[in-house]
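# Analysis of the macromolecular model
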Amino acid sequence: LERTFIAIKPDGVQRGLISDIIARFEKKGYKLVAIKLVHPTKDFAEKHYDDLKGRPFFNGLTDFLSSGPVVAMVPPPPPSQSMSNHTADPQVWEGQGVIKYGRKFIGATAPLASEPGTIRGDFAISVGRNIIHGSDGPETAKDEIALWFKPEEIL
Ligand code: ATP
Ligand code: MG
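The structure presented is a predicted model; accordingly, all values stated were derived computationally and were not measured. (Residues numbered from 1 in each chain as written. Chains lettered and ligands numbered in written order. Predicted model: local features only at pLDDT ≥ 70, side-chain atom pairs only at ≥ 80, totals over all residues.)

## Some remarks on the nonpolar core
Phe5, Ala7, Ile8, Met73, Ile119, Ile131 and Ile132 are the most contacted members of the largest nonpolar core, which has 26 residues in total. Mapped by element, the contributors of at least two residues to this core are β1 (6-8), β3 (70-74), α7 (98-106), α8 (119-123) and α9 (138-148). For this core, the leading source of residues is β3, giving five residues. Ignoring anything within four residues of it in the chain, the contact list for alanine 7 reads Val70, Val71, Ala72, Met73, Ile132 and His133. (Core = buried A, V, L, I, M, F, W, Y, C linked by C-beta atoms within 7 Å. Buried ≥ 20, exposed ≤ 12 C-beta atoms within 10 Å, placed from the backbone. Helix = DSSP H or I, 4+ residues; strand = E, 2+ residues; numbered from the N terminus. Contact = placed C-beta atoms within 7 Å.)

Laid out in structure tokens, this is it:
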């Protein structure tokens, strides 16, 4: 079963956007399999964004992620029944993948390039304060879920 890792970053939590963001995933038909409120350490934030080590914004980014509580979540795809209805159409199948869909839902990295209707498009202006994180592929999803959750925390 395809899974992704979603996190509401400290700015999203501080601005009171937890319920709105969770509601969007729920209303689309995704169901949570894991959720918790965590305040990541700087060291943990560096592990999470370890692929961006060396970028000029790495220090600010990891300071920010470790600046307050984060809502860490794993929503799985909708029931397999709805997916098997569409397996003949590769576009629909792709559109139903939770990783790609989650990224679309979140919007572009820079909020000013995000479409209205996306989470970043609706709620953010600054690339350094862009509300939410979503895994960018199956391998990162696997690694991030393993970094943030113990197996017994995933239902
Ligand atoms: P995320 O991984 O947080 O979901 P993303 O996958 O859209 O975001 P990445 O390229 O992985 O984008 O960058 C991780 C985070 O680093 C971004 O969400 C953003 O907050 C920050 N970031 C990316 N590029 C820049 C930049 N040019 N200047 C400042 N911050 C940046
Ligand atoms: Mg990313």
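## A few points about the UniProt feature "active site" (unreviewed entry) in the protein
Residues annotated in UniProt with the feature "active site" (unreviewed entry) correspond here to His133. Secondary-structure assignment places histidine 133 in strand β4 (residues 132-134). If sequence neighbours within four positions are ignored, histidine 133 has contacts with Ile6, Ala7 and Lys9. (UniProt positions renumbered as here; feature names shortened; annotations may be inferred.)

## Notes on the UniProt feature "binding site: ATP" (unreviewed entry) in the protein
The UniProt record annotates "binding site: ATP" (unreviewed entry) at Lys9, Phe57, Arg103, Thr109, Arg120 and Asn130. Relative to the helices and strands, phenylalanine 57 resides in the loop between α3 (42-48) and α4 (58-65). Overall, phenylalanine 57 belongs to the exposed group, with 12 C-beta atoms counted inside 10 Å. In this structure, arginine 103 sits in helix α7. Residue classification places arginine 103 among the partly exposed residues on the basis of 18 C-beta atoms within 10 Å.

## Re the environment of valine 33
Note that valine 33 resides in the loop between α2 (18-28) and β2 (34-38). Sequence spacing of valine 33 and alanine 110 is 77 residues, and the spatial spacing of their C-alpha atoms is 28 Å.

## Digging into the confidence of the model for the protein
Per-chain confidence: the protein averages 86 in pLDDT, with 85% of residues scoring 70 or above. This stretch, residues 78-95, has a pLDDT under 50; its non-local contacts, to residues over four places away or in other chains, come to eleven contacts. Our summary of model confidence lists the complex with pTM equal to 0.88 and ipTM equal to 0.96. (pLDDT = per-residue confidence, 0-100.)

## So, the environment of phenylalanine 123
The topology assignment puts phenylalanine 123 in helix α8. The class for phenylalanine 123 is buried, based on 20 C-beta atoms found within 10 Å. For the pair phenylalanine 123 and isoleucine 106, spaced 17 residues apart in sequence, the C-alpha to C-alpha distance is 10 Å. Discounting chain neighbours no more than four positions away, the residues touching phenylalanine 123 are Leu17 and Ile131.

## Observations regarding the pairing of β3
Along β3, five of the five residues are buried, which leaves the element largely enclosed by surrounding structure. One ladder, built from five bridges, connects β2 with β3; its direction is antiparallel. Bridge pairing in β3 links isoleucine 35 to methionine 73. (Pairing = 2+ DSSP bridges.)

## Some words on the environment of lysine 36
Its location among the elements puts lysine 36 in strand β2. Lysine 36 sits in the exposed class, given 12 other C-beta atoms within 10 Å. Spatially, the C-alpha atom of lysine 36 lies 8.2 Å from that of valine 70, the residues being 34 residues apart in sequence. In this structure, lysine 36 is in contact with Ala72 and Glu153, ignoring residues within four places of it in sequence.

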